[in-house]
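Examining the three-dimensional arrangement
Single-letter residue listing:
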Amino acid sequence: MPNILAPSPKLPRHWLAVLLLAPAVALAAAAGAAGPEVRVVRATPQSVAVGFEFDGVVEPVKQSTVSAQASGRVVQLAVTAGDRVRAGQLLATIDDRESQTGLQRSQAQVAQADAELRNAQAHARRTRELQAKGFVSRAALDTAEASLKAAQAARDQAAAGQRQSALAQGFTRVTAPYDGWVRETLVQAGDLAVPGKPIVTLYAPLPLRAVVHVPMSRGAAARAASDVEVRVPAGNGGGAWIKPVQREILPVADSVAQTLEWRLELPAAVAGQLAPGQQVRVRFSGSQSVRMLVPSGAVLRRGELTAVYVAAPQGGFVLKAVRLGADHGAAGVEVVAGLRPEDQVAVDPVRAGLAGARAAR
């Protein structure tokens, strides 16, 4: 095999020396180049409110399952999931031929009762005149007046039947009970509708509430908590802790899960940024305690690794694995283990990981 370091007869020896020294010169230049300066903060213990947290779910305060009140096939489904509806807007139409026939029958019964009532009124009037002249007995007048009262009752009964038939006819048009959004449609055109069968699920966009299930073992501590806060996710991956405007605790525990349901109504300004079904975090806090905090943005998460960059005494940064505790929002996140109080933590872990990075003075 030929020696690749042997000088070529066509290449001068001083060029060979330059080629051999070029990598070393480049490495020396890279080592001497100044890396980025990264701002650091001292990991200092701070007094924060401590407590416990649970996962919660956002749900609308007003939500309804609109069901059929008449029998028949669904002729038309006028909405789809995600549609916005107004109070009284048509949601679905049920075949109304049977109810229409019943309405016509009741109208005919009203007309018959009106005719019988007019006849009874005329007969009673003539009987009174004849009884006043002495041509008929008092018993005949009593019979005529009784027939008049019976005809009036029959007329009232027929009118009530007509109103009932008209009401049943109206049940074939399923309408929205309030302004809201269609969450789910539960039938299709052609399905058979019967009284009580769900047609559409609606919800009002506001107000919203966070629902959290607190274990019975923590029930007393949750009631004694001085602050109850809901962590609302933000678009940048962070979040903010907000206080609910109203809280409600159901007095009955879940017999299987052994939990109590807490309903926390959210402010309208925050609720407009959330969607039903979204997961949130609920914190019950009480007493103050000293915890070591670092900014949330200083934490580097890579798979199962959770770490921060700490300024080294000899310069640069070293990566330290840490174990985190509760997130206190703008105040920072707790570091349970992995840091010392004198450690200087890089605020920007991405820049701190670059070659030559150093702490800003």
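From a predicted model like this one, the values you see are computed outputs, not experimental measurements.

Thresholds, definitions, all that
Residues numbered from 1 in each chain as written. Predicted model: local features only at pLDDT ≥ 70, side-chain atom pairs only at ≥ 80, totals over all residues. Heavy atoms only, no water. Helix = DSSP H or I, 4+ residues; strand = E, 2+ residues; numbered from the N terminus. Expected span 1.5 Å × (residues − 1). Buried < 20%, exposed > 50% of the residue type's maximum accessible area, 1.4 Å probe, protein only. Contact = heavy atoms within 4.5 Å. Phe/Tyr/Trp six-rings, centres within 6.5 Å; stacked < 30°, edge-to-face > 60°. Lys NZ or Arg CZ within 6 Å of the ring centre and 35° of its normal. Pairing = 2+ DSSP bridges. Core = buried A, V, L, I, M, F, W, Y, C linked by side-chain atoms within 4.5 Å. pLDDT = per-residue confidence, 0-100. Axes fitted to C-alpha atoms, helices over the stretch in contact; angles between N-to-C directions. Parallel < 35°, antiparallel > 145°, perpendicular 65-115°, else oblique. Left-handed = near helix turned anticlockwise from the far one by under 90°. Nonpolar A, V, L, I, M, F, W, Y, C, P; charged D, E, K, R; others polar.

Right, let's get into helix α2 (residues 97–133). An α-helix turns once per 3.6 residues; consequently, residues spaced three or four apart project the same way. Between its terminal C-alpha atoms α2 stretches 55 Å, which fits the 54 Å expected from 37 residues at 1.5 Å a residue. Within the sequence span of α2, burial applies to S99, G102, L103, S106, V110, A113, L117, A120, A122, A124 and T127. Looking at the buried side of α2, the elements it contacts are α3 (138–170).

Let us now look at the packing of aromatic side chains. Within the structure shown, the criterion is met by four aromatic pairs. Measuring from ring centre to ring centre gives 5.1 Å for W262 and F284, while their planes differ by 80 degrees; the resulting arrangement is edge-to-face. Taken together, the residues W262 in strand β16 (residues 259–265) and F284 in strand β17 (residues 279–294) connect sequence positions 22 residues apart. As far as burial versus exposure is concerned, W262 and F284 are alike and both buried. Within the aromatic cluster, the residues linked to one another by ring pairs are F52, F54, W262 and F284. Above the plane of the ring of Y178 lies K62, whose end atom (NZ or CZ) is 5.0 Å from the centre.

Our next topic: the pairing of strand β7 (residues 90–94). Among the five residues that make up β7, four are buried, leaving the element largely enclosed by the rest of the structure. Where strand β5 (residues 72–77) and β7 come together, three bridges link them in antiparallel fashion. Bridge pairing in β7 places L77 opposite A92. Direction of pairing for β7 relative to strand β8 (residues 173–175): antiparallel, over a ladder of three bridges. Bridging from a neighbouring strand, A92 pairs with V174 of β8.

As summarised here, the arrangement of the four strands in space is β4-β11-β9-β6, forming an open sheet in which the pairing is antiparallel. Taken across any chain shown, the strands that pair with only one partner, and hence form the sheet edges, are β4 (63–67) and β6 (84–85). Inspection of the sheet shows β6 paired to strand β9 (residues 180–185) by two bridges, in the antiparallel sense. Residue V85 lies in a different strand from β9, and its bridge partner there is G180.

Here we take up α3. Here α3 is 33 residues long and its end C-alpha atoms lie 48 Å apart, about the 48 Å a rise of 1.5 Å per residue gives. Within the span of α3, buried status applies to L141, A144, L148, A151, A158, A159, S165 and Q169. At its buried positions, α3 is contacted by α2 and β8.

Turning next to the sheet that holds β5. On the basis of which strands lie adjacent, the open sheet formed by four strands has the order β8-β7-β5-β10 and antiparallel pairing. If you trace the sheet from one side to the other, it starts and ends with β8 and β10 (192–193), each paired once.

The next subject is the nonpolar core. Counting residues in hydrophobic clusters, the biggest one holds 23 residues, and the most contacted among them are V230, W262 and F284. Considering each element in turn, this core owes the most residues, four residues, to strand β12 (residues 208–215). Setting aside its immediate chain neighbours within four residues, W262 contacts A210, V211, V212, V214, A222, R223, V228, R247, E248, I249 and F284. Core analysis: the second largest hydrophobic core is formed by 18 residues, V66, V85, V174 and V187 among them.

Along the polypeptide, T259 turns up in strand β16. With residues near it in sequence (within four places) discarded, T259 still touches H213, V214, P215, M216, A253 and D254.

Attention now moves to the confidence of the model for the chain. Per-chain confidence: the chain averages 82 in pLDDT, with 88% of residues scoring 70 or above. Looking over the chain, one finds the lowest element-wise mean pLDDT in helix α1 (residues 13–32), namely 41, and the highest in β6, namely 94. This stretch, residues 1–11, has a pLDDT under 50; its non-local contacts, to residues over four places away or in other chains, come to four contacts. Between residues 13–32, whose pLDDT stays under 50, and residues either more than four places distant or in other chains, the model counts four contacts.

Turning next to the pairing of strand β11 (residues 198–203). Most of β11 sits inside the fold, with five of its six residues counted as buried. Across five bridges, β4 lies against β11 in antiparallel orientation. Bridging across to β11, T65 finds its partner in T201. Of the strand pairs in this sheet, β9 and β11 are connected by four bridges, and their pairing is antiparallel. Paired with W181 across the strands is Y203, a residue of β11.

This part takes up the packing of α2 against α3. The geometry of α2 relative to α3 is characterised by a closest axis approach of 8 Å and an angle of 160 degrees between their N-to-C directions. As summarised for this structure, α2 and α3 are arranged roughly antiparallel, according to the angle between their axes. The handedness of the crossing between α2 and α3 is left-handed. Counted by class, the contact of α2 with α3 contains 16 nonpolar, 16 polar and six charged residues.

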